[in-house]
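Structure at a glance
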Amino acid sequence: MDLDLPHTDHGPRDGPAILLLHGFPLDHTMWAHQARALAAAGHRVLAPDLRGMGKAPLPRGTGTMGAYAGDVLRLADRAGIRRFALAGFSMGGYLAFEVARRAPERLTGLALVDTRGEPDSPEGRKGRAALIERVRAEGAQALVDAMLPKMVQSPGDHPEVREAMLRTSVEGAVHALEAMAAREGSLETLTKIAVPVLVVVGSEDPITPPEAARAMAQATRGARLVVVPGMHLTPVESADAVAAAMVEWAAGLR
Ligand code: MLT
């Protein structure tokens, strides 16, 4: 099934295009602050909901990063965007790597926010399988219980994050967990990237820690590494600092 991803589209139509790819189990609203800042700086900013999350439907089949990447490339085609920069948060970063492998000629820049280049470890895959079982038994609340405490230091200050998690469908979560567990490593991909790369990480990120960010920055020619205060969801928790780093990165896109 050809999926049309629901998305927001802000900023001047002829501005350099940036696609913001959200993480799991979230939706495009996590980028609200950065989308505003980038659009105000003259960029055309598209922020989709990925399949099975937010308002996006879920096609049948097993989850693969390739399927998510096909959705993103179709979104760019339908929006009339030939070349674009990608900013990917966590799972959105895994997806950005896959798009970069499939269509390197279309990429103008890459921002990797709280993500990692290594594939899942065997332990990590076991954890995904256990979460799939829990979500099937308990619904989306299991995602909130398992993930929210690792996302932000004070979940009570960010009710919108909890709400976004609860918009994830059970099968959408299963699909994403399968795709993340099966994804390939991407540090090798990074050695071939020749566009401006920004790496951002929260100083206390327990999911994709600063060592993982350093490994990505070291693998990439000329990457800029920015460490900001916070846990995993820095675009929400350190919204201004992440927006400032992204606006600076975006100013160098060609
Ligand atoms: C995310 O924030 O997208 C996920 O936590 C990433 C992951 O589980 O590897």
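In short, a report on the structure. Just so we're clear, the structure is a prediction, and the values are computed from it rather than from any experiment.

Definitions and cut-offs
- Residues numbered from 1 in each chain as written.
- Predicted model: local features only at pLDDT ≥ 70, side-chain atom pairs only at ≥ 80, totals over all residues.
- Heavy atoms only, no water.
- Buried < 20%, exposed > 50% of the residue type's maximum accessible area, 1.4 Å probe, protein only.
- Helix = DSSP H or I, 4+ residues; strand = E, 2+ residues; numbered from the N terminus.
- Contact = heavy atoms within 4.5 Å.
- Pairing = 2+ DSSP bridges.
- Near = heavy atom within 4 Å.
- Areas by Shrake-Rupley, 256 points an atom, 1.4 Å probe, with all protein chains shown as cover.
- Nonpolar A, V, L, I, M, F, W, Y, C, P; charged D, E, K, R; others polar.
- Axes fitted to C-alpha atoms, helices over the stretch in contact; angles between N-to-C directions.
- Phe/Tyr/Trp six-rings, centres within 6.5 Å; stacked < 30°, edge-to-face > 60°.
- Lys NZ or Arg CZ within 6 Å of the ring centre and 35° of its normal.
- Left-handed = near helix turned anticlockwise from the far one by under 90°.
- Arc of directions from axis to C-beta.
- Salt bridge = Lys/Arg side-chain N within 4 Å of Asp/Glu carboxyl O.

Section: helix H5 (residues 141-151)
- Along H5, the positions that sit buried rather than exposed are Ala142, Leu143, Val144, Ala146, Met147, Leu148 and Met151.
- Buried positions along H5 lie against helix H4 (122-138), helix H6 (159-166), helix H7 (170-182) and helix H10 (234-237).

Section: the pairing of strand E6 (residues 197-202)
- Summarising burial for E6: 6 of the 6 residues are buried, a large majority.
- Burial of E6 is two-sided: the residues Val197, Val199 and Val201 facing one way and the residues Leu198, Val200 and Gly202 facing the other way are all buried.
- Here E6 pairs with strand E7 (residues 224-228) via 5 bridges, running parallel. Following the sheet pairing, Val199 is matched in E7 by Leu225.

Some points on the site of the ligand
- Taken together, Gly23, Phe24, Phe89, Ser90, Met91, Tyr94, Arg128, Met147, Met151, Met180, Ile207 and His232 make up the full set of residues adjacent to the ligand.
- Out of a free accessible area of 260 Å², the ligand has 94% covered by protein chains.
- Among the residues making up the shell around the ligand, the classes are represented as 8 nonpolar, 3 polar and 1 charged.

What about the sheet that holds strand E4 (residues 84-89)?
- If you trace the 7 strands from one edge of the open sheet to the other, you get E1-E3-E2-E4-E5-E6-E7, paired in mixed fashion. The sheet is open, and its two edges are formed by strand E1 (7-10) and E7, each paired on a single side. If you compare each strand with its neighbour and ignore which way they point, the axes differ by 15° on average.
- Across 4 bridges, the pairing between strand E5 (residues 107-113) and E6 is parallel. By the bridge assignment for E6, Val113 is matched with Val200.

A look at the packing of aromatic side chains
- Applying the stated criterion across every chain, the model contains 0 aromatic pairs.
- The ring centre of Tyr94 lies 3.7 Å from the NZ or CZ of Arg183, which sits over that ring.

Considering the packing of helix H1 (residues 32-40) against helix H11 (residues 239-251)
- Axis separation between H1 and H11 bottoms out at 9 Å; the angle between their running directions is 35°. Of the two elements, H1 crosses H11, and the hand of that crossing is right-handed. Facing H1, whose interface residues are His33, Gln34, Ala37 and Leu38, H11 presents Ala239, Asp240, Val242, Ala243, Met246, Val247 and Ala250.
- Tallied by class, residues from the contact of H1 with H11 come to 8 nonpolar, 2 polar and 1 charged.

Some points on H1
- Residues of H1 that are buried: Gln34, Ala35, Leu38 and Ala39. Buried residues of H1, viewed axially, fall in a sector of 130°; they line one side. Pointing more than 90 degrees away from the buried face of H1 are the exposed residues Arg36 and Ala40.
- Summarising the contacts, the buried residues of H1 are in contact with E1, strand E2 (17-21), strand E3 (44-48), H10 and H11.
- Phi turns positive, to about 100°, at Gly42, one or two residues after H1.

Side note on unusual backbone geometry
- With an omega of -10°, the peptide bond between Phe24 and Pro25 qualifies as cis.
- Within the secondary structure layout, Pro25 lies in the loop between E2 and H1.
- Notably, Ser90 is not glycine yet its phi reads approximately 55°, a positive angle.
- Inspection of the secondary structure puts Ser90 in the loop between E4 and helix H3 (91-102).

Some points on the pattern of salt bridges
- The full count for this structure, using the stated rule, is 18 salt bridges.
- The salt bridge involving Asp77 is made with Arg106; its shortest N-O contact spans 2.8 Å. Remark: Arg106 occurs in the loop between H3 and E5 and Asp77 occurs in helix H2 (residues 65-78); sequence separation between them is 29 residues.
- Residue Arg106 is classed as buried on the basis of its relative accessible area of 7%.
- Here Arg102 ties to Glu98 by a salt bridge, and the two come within 2.9 Å at their closest N and O atoms. Taken together, the residues Arg102 and Glu98, both in helix H3 and 4 residues apart, mark about one turn of the helix.

Some details on the environment of Leu19
- Mapped onto the elements of the fold, Leu19 is located in strand E2.
- Judged by its relative accessible area of 0%, Leu19 is buried.
- Leu19 sits 11 residues away from Thr8 along the chain, and the two C-alpha atoms are 10 Å apart.
- In this view, Leu19 contacts Leu46, Val72, Ala76, Phe84, Ala85, Leu86 and Ala87; residues no more than four positions away in its chain are not counted.

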